[in-house]
Amino acid sequence: MQEQRGQWSSNVGFILAATGSAIGLGNLWKFPFITWNNNGGAFVLVYLVCIAGVGLPIMMAELLIGRKTQRSVVGALKAALGPAWGIVGGWGVLCGFILLSYYTVIAGWSLFYFTRTAGWTMSGFPAGLQTGDLFAEQAGNGALQLGLSLLFSLATISIVYFGVQKGIERIARLFLPILFGILILLLISALRMEGSGEALAFIFRPSFGELEPRSVLEALGHAFFTLSLGMGAMITYGSYIDRSQSIVKASAVIVLLDTLIALVATIIMFSVIFSVEGMPEQVSGTGTVGMLFISLPELFYSEVPFGSLLGPLFYVLVALAALTSTISLLEVVVSYLIDEHGVGRRAATLMCGGAVFLFTILAALSFGAVSGLSNMEVGGYLGQKLFGGKVGWFSLADHFVSNWMLPTGGFAITMAAGWFMTREATRGELADGTEPGWFRYGAWRFFIRFVAPAAVGAIIIAVFLGEDFS
Ligand code: TRP
């Protein structure tokens with residue numbers, strides 16, 4: 001007998017789960033970094049425009065395709081549009097598979113930093129410790145990396161194993177409030193620091209002179225990543241929504257919360273950084289991982305009010321945020337096996353989780369532990385185009401997913417909702433009597449038919465011409 005298909009137990013449960021998917025390393029790790037690199041102000045404004053003008057309409061599109069068809073990504077696109085669209089769905093499943101395989105490694109770092117900071121809280125920050133060296137040491141330690149990412153994979157698997165209501169939704173209901181709570185504590189502490197004024201000015205005072213054209217596309221690319229769009233994660237989550245709920249309202253809440261959390265995280269980190277002399281220059285030199293895993297750990301013990309308590313809590317926050325994202329990534333792959341191949345949830349979860357972990361091993365060992373993986377390159381014209389000349393398994397995979405897979409998948413989904421599905425079909429899901437008063441179906445249709453494809457098309461062209469958004 002077919003197992004009964006999962007469903008969210010309530011609207012709040014669904015919104016928390018989807019928000020949990022959206023809030024992740026993208027908010028805490030990528031967004032502050034790219035805001036820093038793009039000089040704040042104007043970039044943040046452009047990002048907000050991208051979120052509202054492109055992210056929100058596509059969020060609605062994915063959720064509506066899922067709910068209409070009650071299928072996960074491959075089956076949903078086939079049912080809504082025809083068998084050939086299964087290919088786009090398959091692309092999404094593959095994307096989820098690859099993204100999950102390396103995302104888990106960074107997520108594992110949060111566990112390491114939690115144990116370290118907890119240790120420092122008990123016995124004091126070790127004199128003379130160089131956090132840059134500490135980072136390189138842990139990242140290059142193969143056994144440690146395998147252990148951390150295995151732990152994180154097991155946590156992800158054990159949640160998805162229990163299904164939509166008893167696994168994913170339950171964890172989101174528990175973890176998201178904790179996550180919000182920790183963030184508020186950190187915000188209060190950060191706002192009391194000297195640098196908070198400068199941080200707020202940096203983030204919210206736009207100076208358009210410093211904005212480059214590529215920043216606009218970078219903001220747009222990040223809008224996809226941070227909202228978990230472009231690979232059918234939201235189609236999958238949408239397929240568990242009840243008919244009585246408004247997709248429009250839910251989309252608005254998810255997008256607002258994700259944006260709010262990204263901004264709050266950025267305010268927290270920049271307040272700390274601007275409070276320390278010389279830190280802004282130092283941060284600029286350490287790349288993506290620098291802020292979260294090199295600068296901050298030490299500053300909690302020297303600068304931040306109540307930092308010795310907030311330090312470990314901060315890494316708990318990172319871990320929880322990452323975990324509610326990894327479960328949604330795994331769910332994309334697992335629900336494909338369940339819906340399309342009739343595999344039971346438990347078997348499907350173990351199979352997919354295991355298969356993904358084989359690739360996690362490659363990513364985990366590509367930060368110095370195994371030189372073949374750490375120094376791997378793909379040469380030639382195609383290597384340059386597809387992988388941007390990146391070095392190391394992790395960077396190659398991230399480049400391909402962020403620059404190629406998410407934008408192309410997103411483009412296909414936009415075209416599907418805007419041009420290939422009928423007006424009646426999409427209208428029936430969005431303007432079904434549950435929608436809020438401010439919603440205009442005609443406006444959505446305009447954005448999904450013209451604005452979103454043009455914007456996403458521009459990313460793809462820019463990537464093809466050699467731009468890099470990973
Ligand atoms: N949104 C997640 C973040 O900000 C990352 C992500 C991208 C994701 N696509 C996804 C998570 C799909 C779950 C499903 O970290």
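Residues numbered from 1 in each chain as written. Predicted model: local features only at pLDDT ≥ 70, side-chain atom pairs only at ≥ 80, totals over all residues. Heavy atoms only, no water.

**Student:** Please explain the site of the ligand as it appears in this structure.
**Tutor:** Every one of the 16 residues lining the ligand counts as a neighbour, but Ala22, Gly26, Tyr103, Phe225 and Ser328 are closest to it. Contact distances for the ligand include 3.0 Å between a nitrogen atom and a side-chain N or O atom of Ser228. Structurally, the ligand is housed in the largest cavity. Taken together, the elements giving at least two residues each to the shell around the ligand come down to α1 (11-22), α2 (25-37), α5 (86-123), α10 (213-226) and α15 (307-341). Taken together, the residues of the shell around the ligand sort by class into eight nonpolar, eight polar and no charged. (Near = heavy atom within 4 Å. Polar contact = N/O pair within 3.5 Å; in protein donor to acceptor, adjacent residues only side chain to side chain. 1 Å grid on protein atoms, 1.4 Å probe; cavity = no way out; pocket = protein on both sides within 12 Å on 5 of 7 lines; lining within 4 Å. Sits in = over half its atoms within 2 Å of the grid points. Helix = DSSP H or I, 4+ residues; strand = E, 2+ residues; numbered from the N terminus. Nonpolar A, V, L, I, M, F, W, Y, C, P; charged D, E, K, R; others polar.)

**Student:** Any chance you could explain unusual backbone geometry here in plain terms?
**Tutor:** Negative phi characterises most residues that are not glycine, and trans characterises most peptide bonds. Not every positive phi belongs to a glycine, and Gln70 is a case in point at roughly 55 degrees. As for its position among the elements, Gln70 is in the loop between α3 (41-69) and α4 (73-81). Although it is not a glycine, Phe306 sits at a positive phi angle of roughly 60 degrees. Relative to the assigned elements, Phe306 resides in the loop between α14 (287-302) and α15. Under the relative-accessibility criterion, Phe306 is labelled exposed at 57%. (Buried < 20%, exposed > 50% of the residue type's maximum accessible area, 1.4 Å probe, protein only.)

**Student:** Is there a simple way to think about the nonpolar core in this case?
**Tutor:** Note on soluble globular proteins: their nonpolar side chains tend to be buried together. Counting 167 residues, the largest nonpolar core has Trp8, Phe14, Phe270, Phe293, Phe314, Leu430 and Trp444 as the members making the most contacts within it. With 18 residues, the top contributor of residues to this core is α15. Trp444 has contacts with Pro57, Met60, Ala61, Leu64, Ala417, Thr426, Leu430 and Phe439, leaving out every residue within four places of it along the chain. (Core = buried A, V, L, I, M, F, W, Y, C linked by side-chain atoms within 4.5 Å. Contact = heavy atoms within 4.5 Å.)

**Student:** Whenever I open this one, the environment of Ser246 confuses me. Can you help?
**Tutor:** Here Ser246 shows up in the loop between α11 (233-238) and α12 (247-275). Given the relative accessible area of 6%, Ser246 is considered buried. For Ser246, the contacting residues outside a window of four places in its chain are Thr434, Glu435 and Pro436. Here the side chain of Ser246 touches Val248 through a polar contact of 3.3 Å, landing on its backbone nitrogen.

**Student:** Looking at this model, I keep getting lost on helix α6 (residues 131-140). Mind explaining?
**Tutor:** Think of an α-helix as 3.6 residues a turn; residues three or four steps apart then line up on the same face. All of the buried residues along α6 are Thr131, Leu134, Phe135, Gln138 and Ala139. All buried residues of α6 fall inside an arc of 125 degrees around its axis, so they share one side. (Arc of directions from axis to C-beta.)

**Student:** Can you help me understand the pattern of salt bridges in this one?
**Tutor:** Opposite charge on two side chains lets them pair, provided their charged atoms get close. Inspection of the entire model under this criterion finds nine salt bridges. Measuring nitrogen to oxygen at the nearest pair gives 3.3 Å for the salt bridge that ties Arg173 to Glu169. Taken together, the positions of Arg173 and Glu169, both in helix α8 (residues 163-191) and four residues apart, correspond to about one turn of that helix. By relative accessible area, Arg173 is classed as partly exposed at 37%. The shortest N-O distance in the salt bridge between Arg345 and Glu331 comes to 2.9 Å. Separated by 14 residues along the polypeptide, Arg345 in helix α16 (residues 345-364) and Glu331 in helix α15 bring together distant segments of the chain. Take Arg345: its relative accessible area is 11%, and that puts it in the buried class. Each of the salt bridges in this network shares a partner with another, and the network as a whole consists of Arg67, Arg243, Glu429 and Asp432. (Salt bridge = Lys/Arg side-chain N within 4 Å of Asp/Glu carboxyl O.)

**Student:** How should I be thinking about a nonpolar patch on the surface in this particular structure?
**Tutor:** Together, Tyr381, Leu382, Ile461, Phe464 and Leu465 make up a nonpolar patch on the protein surface, roughly 610 Å² of accessible area in all. For the nonpolar patch, the elements supplying multiple residues, two or more each, are α18 (380-387) and α21 (441-464). Mapping Tyr381 onto the fold places it in helix α18. (Patch = residues over 30% accessible without salt bridge, like charges linked within 9 Å, V, L, I, M, F, W, Y side chains within 5 Å. Areas by Shrake-Rupley, 256 points an atom, 1.4 Å probe, with all protein chains shown as cover.)

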